[in-house]
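The chain contents come next:
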Amino acid sequence: MTNVDWDAEAASFDEEPDHGLRDPEVRRAWAGRLRDWLPGRAGDVLDLGCGTGSLSLLASEQGHRVTGVDLSPAMVSRAREKLAGRDAVFLVGDAAAPPVGEQRFDAVLVRHVLWALPDPARALRHWRGLLRPGGRLVLVEGVWGAIEPVGIPAERLTGLLAPVAGQVRVQRLSDDPLLWGGPVTDERYAVVAVTGGSGQEGREAVAAGQ
């Protein structure tokens, strides 16, 4: 993972069903999930490891203001093209320490990135600091491969979140073939972790997806 040349991969990245979301059914499946995971009202979403911006586009279509960060300039270039004219900004930078300065967000969205970082616990603490009170981390992860599996099990991720989040909800994704363009047999899941804060935002987060 860490040795992949993502600039070289950018041209073909969207050919994977869950990357490009070109199939209308796959696209609708991800849009429905994001609607459950992200805040119910328009807010600021930070998409880390955004790739070509497919999830950023869905979030934007749902009314959110999006900031995307990816280490690959080629990926960022494609994301900028994909969301041209929208309320979205894309930056080249490290997902573990995104270059967003003092800006704070209502949600941090991260798909298939945390498992590959050298210090996931430190990244989670940093992302927690980028959230407004009552904000949420939306983490899509899994464990892939039968012979030499890679990834991060849900139990480990929820353990890492315990010190930084108040409410944590795990949602299994392996049994929804529409998300992946076909059936999968490995572990795929999402975790929505709501940080400290009270009021309507926290109540929305607890109810979402139940």
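Note: the structure precedes this text.
Reference entry: report on the structure contained in this document. Since the structure is predicted, the reported quantities are computational estimates derived from the model, not experimental observations.

**A word on the packing of helix α6 (residues 120-129) against helix α7 (residues 154-161)**
- Viewed as axis vectors pointing N to C, α6 and α7 meet at an angle of 50°, and their least axial separation amounts to 10 Å. Considered as vectors, α6 and α7 are oriented oblique to each other. In this structure, α6 crosses over α7, and the sense of that crossing is right-handed. Counted together, Pro 120, Ala 121 and Leu 124 of α6 and Arg 156, Leu 157, Leu 160 and Leu 161 of α7 form the full contact between these two elements.
- Class assignment for the residues of the contact of α6 with α7 results in six nonpolar, no polar and one charged.

**Observations regarding unusual backbone geometry**
- Not every positive phi belongs to a glycine, and Leu 21 is a case in point at roughly 55°.
- With respect to the helices and strands, Leu 21 occurs in the loop between α2 (17-20) and α3 (24-37).
- Look at Leu 21 and you get buried, because its relative accessible area is 3%.
- Residue His 112 is not a glycine yet carries a positive backbone phi of 55°.
- Structurally, His 112 is set in the loop between β4 (105-111) and α6.
- On the basis of relative accessibility, which here comes to 17%, the residue His 112 falls in the buried class.

**Re the environment of Arg 86**
- Looking at the secondary structure, you find Arg 86 in the loop between α5 (73-82) and β3 (88-92).
- Assessed through its relative accessible area of 37%, Arg 86 is described here as partly exposed.
- Separated by 25 residues in sequence, Arg 86 and Glu 61 have C-alpha atoms that sit 8.9 Å apart.
- Discounting residues that sit within four places of it in the chain, Arg 86 has contacts with Leu 57, Ser 60 and Glu 61.
- In this structure the side chain of Arg 86 is engaged in a polar contact, spanning 3.3 Å, whose partner is the side chain of Ser 60.

**Focus: the environment of Leu 91**
- Among the secondary structure elements, Leu 91 is positioned in strand β3.
- Classification of Leu 91 by relative accessible area gives partly exposed; the value is 25%.
- For the pair Leu 91 and Asp 7, spaced 84 residues apart in the sequence, the C-alpha separation amounts to 14 Å.
- With residues near it in sequence (within four places) discarded, Leu 91 still touches Thr 67, Gly 68, Val 69, Asp 70, Val 76, Arg 80, Pro 99 and Val 100.

**Things to note about the packing of aromatic side chains**
- Scanning the model with the defined rule gives four aromatic pairs in all.
- Here the aromatic rings of Trp 30 and Trp 180 are separated by 5.4 Å at their centres, their planes lie at 85°, and the arrangement is edge-to-face. Taken together, the positions of Trp 30 in helix α3 and Trp 180 in the loop between β7 (167-172) and β8 (187-194) put the pair 150 residues apart, joining distant regions of the chain. Summarising the burial analysis for this pair, Trp 30 and Trp 180 share the class buried.

**Remarks on the nonpolar core**
- In terms of nonpolar packing, the biggest core is built from 27 residues, with Trp 127, Leu 137, Leu 157 and Leu 161 touching the most fellow members.
- When contributions to this core are tallied by element, the ones reaching two or more residues are β1 (44-48), β4, α6, β5 (131-144), α7 and β8.
- Ignoring sequence-local partners within four residues, the contact set of Leu 157 consists of Leu 114, Leu 124, Leu 139, Glu 141, Ile 152, Tyr 189 and Val 191.
- In terms of nonpolar packing, the next biggest core, distinct from the first, is built from 22 residues, Trp 30, Leu 58, Ala 190 and Val 192 among them.

Conventions we followed
Residue positions are given per chain, counting from 1 as you read along its sequence in written order. For this predicted model, a pLDDT threshold of at least 70 governs which residues receive local features, and a threshold of 80 or more governs which side-chain atom pairs are given and counted, while totals over whole chains, interfaces and linings are taken from all residues. For side-chain calculations, the full set of non-hydrogen atoms in the structure is used, while hydrogens and water are omitted. Fitted lines through C-alpha atoms serve as axes, helices being fitted only where they are in contact, and the angles separating the N-to-C directions of these axes extend from 0 to 180 degrees. Strands here are runs of E lasting at least two residues and helices are runs of H or I lasting at least four, both read from the DSSP assignment and numbered beginning at the N terminus. To sort the angles, those under 35 degrees are grouped as roughly parallel, those over 145 as roughly antiparallel, those from 65 to 115 as roughly perpendicular, and the leftovers as oblique. In this scheme the crossing of two helices becomes right-handed for a clockwise turn of the near helix relative to the far one and left-handed for an anticlockwise turn of less than a right angle. Whether two residues touch is decided by their heavy atoms; if any such pair falls within 4.5 Å, the residues are in contact. For this classification, Asp, Glu, Lys and Arg are treated as charged, while Ala, Val, Leu, Ile, Met, Phe, Trp, Tyr, Cys and Pro are nonpolar and the rest, including Gly, are polar. Burial classes: relative accessible area under 20% of the type maximum marks a residue as buried, over 50% as exposed, and values in between as partly exposed (1.4 Å probe, protein chains only). Polar contacts, as counted here, are pairs of nitrogen or oxygen atoms within 3.5 Å of one another; within protein the pair requires one atom able to donate a hydrogen and one able to accept it, and residues that are adjacent in sequence qualify only if both atoms are side-chain atoms. To pair, rings of Phe, Tyr and Trp, with the six-membered ring standing in for Trp, must have centres within 6.5 Å; the planes then decide the type, stacked if under 30 degrees apart, edge-to-face if over 60, and tilted in the middle. Grouping buried Ala, Val, Leu, Ile, Met, Phe, Trp, Tyr and Cys residues that are joined through side-chain atoms within 4.5 Å yields what is termed a nonpolar core.

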